[in-house]
Amino acid sequence: MILVKQFMKSISKLKKELDKWFSLFIRLRFATKEGLCQCVTCGKVSHYKKMHAGHFQSRRHLSLRWDSELGNVQVQCPKCNLFGQGEQFKFGLKIDGKYGEGTAQTLEYLAKQITKVSRTDYEEKITYYKDAVKKLKAEKGIE
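Small disclaimer: the values here were computed from a predicted structure and weren't measured. (Residues numbered from 1 in each chain as written. Predicted model: local features only at pLDDT ≥ 70, side-chain atom pairs only at ≥ 80, totals over all residues. Heavy atoms only, no water.)

**What to know about the overall build of the protein chain**
Part 1 of the reasoning: Scanning the protein chain from N- to C-terminus turns up seven helices and four strands.
Part 2 of the reasoning: Ordered by position in the sequence, the α and β elements of the protein chain form the string α-α-β-β-β-α-β-α-α-α-α.
Part 3 of the reasoning: Scaling as 2.2 N^0.38, a compact globule of 143 residues should have a C-alpha radius of gyration of about 15 Å, and the protein chain matches this with 16 Å.
Part 4 of the reasoning: Principal-axis analysis of the C-alpha atoms places the extent of the protein chain at approximately 50 × 40 × 25 Å. (Helix = DSSP H or I, 4+ residues; strand = E, 2+ residues; numbered from the N terminus. Rg over C-alpha atoms; globule rule 2.2 N^0.38 Å.)

This is the structure:
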(Lines give C-alpha, C1' and ligand atoms only; values in the text may rest on other atoms or scores of the structure.)
Protein backbone atom coordinates (compact mmCIF):
# COMPACT_ATOMS: atom_id res chain seq x y z
CA MET A 1 0.00 0.00 0.00
CA ILE A 2 2.85 2.40 0.77
CA LEU A 3 4.29 1.96 -2.73
CA VAL A 4 0.91 2.68 -4.36
CA LYS A 5 0.42 5.89 -2.38
CA GLN A 6 3.90 7.05 -3.30
CA PHE A 7 3.00 7.12 -7.03
CA MET A 8 -0.52 8.54 -6.72
CA LYS A 9 -1.01 12.16 -7.75
CA SER A 10 -2.04 14.52 -4.99
CA ILE A 11 -5.52 16.03 -5.06
CA SER A 12 -4.01 19.43 -5.85
CA LYS A 13 -2.18 17.96 -8.86
CA LEU A 14 -5.36 16.25 -10.05
CA LYS A 15 -7.25 19.54 -9.69
CA LYS A 16 -4.58 21.37 -11.68
CA GLU A 17 -4.66 18.72 -14.43
CA LEU A 18 -8.46 18.83 -14.58
CA ASP A 19 -8.34 22.63 -14.83
CA LYS A 20 -5.93 22.34 -17.77
CA TRP A 21 -8.11 19.89 -19.75
CA PHE A 22 -11.36 21.65 -18.88
CA SER A 23 -10.02 25.05 -19.95
CA LEU A 24 -8.83 23.60 -23.24
CA PHE A 25 -12.23 21.97 -23.76
CA ILE A 26 -14.11 25.25 -23.19
CA ARG A 27 -11.87 27.21 -25.55
CA LEU A 28 -11.97 24.54 -28.27
CA ARG A 29 -15.73 24.10 -27.95
CA PHE A 30 -16.27 27.71 -28.92
CA ALA A 31 -13.45 27.85 -31.49
CA THR A 32 -13.95 27.95 -35.25
CA LYS A 33 -12.19 25.52 -37.59
CA GLU A 34 -9.45 28.15 -37.83
CA GLY A 35 -8.99 28.00 -34.06
CA LEU A 36 -10.51 31.43 -33.40
CA CYS A 37 -12.90 32.21 -30.58
CA GLN A 38 -14.57 35.32 -29.19
CA CYS A 39 -14.41 36.82 -25.71
CA VAL A 40 -17.84 36.61 -24.11
CA THR A 41 -17.51 40.02 -22.44
CA CYS A 42 -15.75 42.33 -24.93
CA GLY A 43 -16.10 40.46 -28.22
CA LYS A 44 -12.37 40.33 -29.01
CA VAL A 45 -11.52 37.49 -31.41
CA SER A 46 -8.25 35.59 -31.00
CA HIS A 47 -6.76 32.12 -31.29
CA TYR A 48 -7.98 29.69 -28.64
CA LYS A 49 -4.44 29.22 -27.32
CA LYS A 50 -4.33 32.94 -26.42
CA MET A 51 -7.72 33.00 -24.70
CA HIS A 52 -8.87 31.92 -21.24
CA ALA A 53 -11.73 29.93 -19.81
CA GLY A 54 -13.33 32.65 -17.68
CA HIS A 55 -15.66 31.89 -14.78
CA PHE A 56 -18.76 33.95 -14.01
CA GLN A 57 -18.82 32.52 -10.50
CA SER A 58 -15.30 32.12 -9.12
CA ARG A 59 -13.35 28.88 -9.49
CA ARG A 60 -13.30 28.61 -5.71
CA HIS A 61 -16.91 27.37 -5.98
CA LEU A 62 -16.36 23.71 -6.79
CA SER A 63 -20.04 23.24 -7.61
CA LEU A 64 -19.51 25.31 -10.80
CA ARG A 65 -15.74 25.23 -11.34
CA TRP A 66 -16.01 22.66 -14.14
CA ASP A 67 -19.49 23.57 -15.40
CA SER A 68 -19.77 23.16 -19.14
CA GLU A 69 -23.57 23.13 -19.40
CA LEU A 70 -25.04 26.03 -17.42
CA GLY A 71 -22.86 28.79 -18.87
CA ASN A 72 -20.68 29.57 -15.86
CA VAL A 73 -17.50 29.08 -17.89
CA GLN A 74 -17.03 30.89 -21.20
CA VAL A 75 -14.16 32.05 -23.39
CA GLN A 76 -12.62 35.32 -22.21
CA CYS A 77 -9.61 37.30 -23.37
CA PRO A 78 -6.82 37.79 -20.82
CA LYS A 79 -7.65 41.49 -20.51
CA CYS A 80 -11.24 40.84 -19.38
CA ASN A 81 -10.47 37.73 -17.33
CA LEU A 82 -7.39 38.95 -15.48
CA PHE A 83 -7.14 42.72 -15.64
CA GLY A 84 -10.90 43.26 -15.74
CA GLN A 85 -11.35 40.73 -12.92
CA GLY A 86 -13.74 38.69 -15.05
CA GLU A 87 -16.04 41.59 -15.96
CA GLN A 88 -18.72 39.84 -13.88
CA PHE A 89 -21.54 42.30 -14.62
CA LYS A 90 -21.05 42.09 -18.40
CA PHE A 91 -20.54 38.33 -18.08
CA GLY A 92 -23.89 37.98 -16.28
CA LEU A 93 -25.71 39.96 -18.95
CA LYS A 94 -24.20 37.78 -21.69
CA ILE A 95 -25.13 34.58 -19.84
CA ASP A 96 -28.73 35.73 -19.44
CA GLY A 97 -28.84 36.69 -23.12
CA LYS A 98 -27.44 33.35 -24.25
CA TYR A 99 -28.99 30.89 -21.78
CA GLY A 100 -32.15 32.72 -20.73
CA GLU A 101 -33.17 35.45 -18.29
CA GLY A 102 -32.33 34.51 -14.70
CA THR A 103 -29.46 32.14 -15.54
CA ALA A 104 -26.87 34.39 -13.88
CA GLN A 105 -28.98 34.51 -10.73
CA THR A 106 -29.34 30.71 -10.77
CA LEU A 107 -25.56 30.39 -11.08
CA GLU A 108 -25.10 32.70 -8.08
CA TYR A 109 -27.37 30.38 -6.08
CA LEU A 110 -25.66 27.20 -7.31
CA ALA A 111 -22.22 28.61 -6.45
CA LYS A 112 -23.20 28.57 -2.78
CA GLN A 113 -23.88 24.82 -2.81
CA ILE A 114 -21.25 22.80 -0.99
CA THR A 115 -19.60 20.24 -3.22
CA LYS A 116 -17.02 17.62 -2.35
CA VAL A 117 -14.93 16.17 -5.14
CA SER A 118 -13.33 12.78 -4.65
CA ARG A 119 -10.14 11.45 -6.19
CA THR A 120 -12.30 9.24 -8.44
CA ASP A 121 -14.36 12.27 -9.53
CA TYR A 122 -11.17 14.09 -10.53
CA GLU A 123 -9.80 11.10 -12.41
CA GLU A 124 -13.09 10.50 -14.27
CA LYS A 125 -13.45 14.16 -15.23
CA ILE A 126 -9.85 14.31 -16.43
CA THR A 127 -10.45 11.29 -18.66
CA TYR A 128 -13.73 12.74 -19.93
CA TYR A 129 -12.32 16.17 -20.85
CA LYS A 130 -9.09 14.74 -22.26
CA ASP A 131 -11.18 12.59 -24.63
CA ALA A 132 -13.50 15.51 -25.42
CA VAL A 133 -10.51 17.71 -26.33
CA LYS A 134 -9.15 15.05 -28.68
CA LYS A 135 -12.57 14.68 -30.29
CA LEU A 136 -13.02 18.45 -30.75
CA LYS A 137 -9.55 18.83 -32.27
CA ALA A 138 -10.29 16.01 -34.71
CA GLU A 139 -13.75 17.38 -35.63
CA LYS A 140 -12.42 20.88 -36.24
CA GLY A 141 -9.11 19.78 -37.74
CA ILE A 142 -7.09 22.06 -35.46
CA GLU A 143 -4.12 21.56 -33.18
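**Focus on the packing of aromatic side chains**
Part 1 of the reasoning: Within the structure shown, the criterion is met by five aromatic pairs.
Part 2 of the reasoning: Aromatic side chains Phe25 and Tyr129 sit 5.1 Å apart centroid to centroid with 55 degrees between the ring planes, which places their arrangement in the tilted category. Separated by 104 residues along the polypeptide, Phe25 in helix H2 (residues 11-29) and Tyr129 in helix H7 (residues 119-140) bring together distant segments of the chain. For the pair Phe25 and Tyr129, one class covers both residues: buried.
Part 3 of the reasoning: With 5.7 Å between their ring centres and 55 degrees between their planes, Phe56 and Phe91 make a pair best called tilted. Taken together, the residues span a long stretch of sequence, with Phe56 in the loop between strand E3 (52-55) and helix H3 (62-65) and Phe91 in helix H5 (residues 88-99) at a distance of 35 residues. Of the two residues, Phe56 and Phe91, neither departs from the other in class, the shared state being buried.
Part 4 of the reasoning: A connected cluster of aromatic rings, assembled from ring pairs, spans Phe22, Phe25, Tyr128 and Tyr129. (Phe/Tyr/Trp six-rings, centres within 6.5 Å; stacked < 30°, edge-to-face > 60°. Buried < 20%, exposed > 50% of the residue type's maximum accessible area, 1.4 Å probe, protein only.)

**Some words on the nonpolar core**
Part 1 of the reasoning: Counting residues in hydrophobic clusters, the biggest one holds 26 residues, and the most contacted among them are Phe25, Ile26, Leu28 and Tyr48.
Part 2 of the reasoning: Taken together, the elements giving at least two residues each to this core come down to H2, strand E4 (73-76) and H7.
Part 3 of the reasoning: The greatest single-element share of this core, amounting to eight residues, is contributed by H2. (Core = buried A, V, L, I, M, F, W, Y, C linked by side-chain atoms within 4.5 Å.)

**Re the side chain of Lys137**
Part 1 of the reasoning: Mapped onto the elements of the fold, Lys137 is located in helix H7.
Part 2 of the reasoning: One buried charged side chain, Lys137, makes no salt bridge at all; its nearest oppositely charged neighbour is Glu143, positioned 4.0 Å away.
Part 3 of the reasoning: Not counting residues within four places of it along the chain, the set of residues in contact with Lys137 comprises Leu28, Tyr48, Ile142 and Glu143. (Lys, Arg positive; Asp, Glu negative; His and termini not counted. Salt bridge = Lys/Arg side-chain N within 4 Å of Asp/Glu carboxyl O. Contact = heavy atoms within 4.5 Å.)

**Details of the confidence of the model for the protein chain**
Part 1 of the reasoning: Averaged over every residue, the pLDDT of the protein chain is 93; the share at 70 or more is 95%.
Part 2 of the reasoning: Ranking the elements of the protein chain by mean pLDDT puts helix H1 (residues 2-7) last with 53 and strand E2 (residues 45-47) first with 98. (pLDDT = per-residue confidence, 0-100.)

**With respect to H2**
Part 1 of the reasoning: With 19 residues, H2 extends 26 Å from end C-alpha to end C-alpha; this agrees with the ideal 27 Å at 1.5 Å per step.
Part 2 of the reasoning: Listed in full, the buried residues belonging to H2 are Leu14, Glu17, Leu18, Asp19, Trp21, Phe22, Ser23, Leu24, Phe25, Ile26, Arg27 and Leu28. (Expected span 1.5 Å × (residues − 1).)

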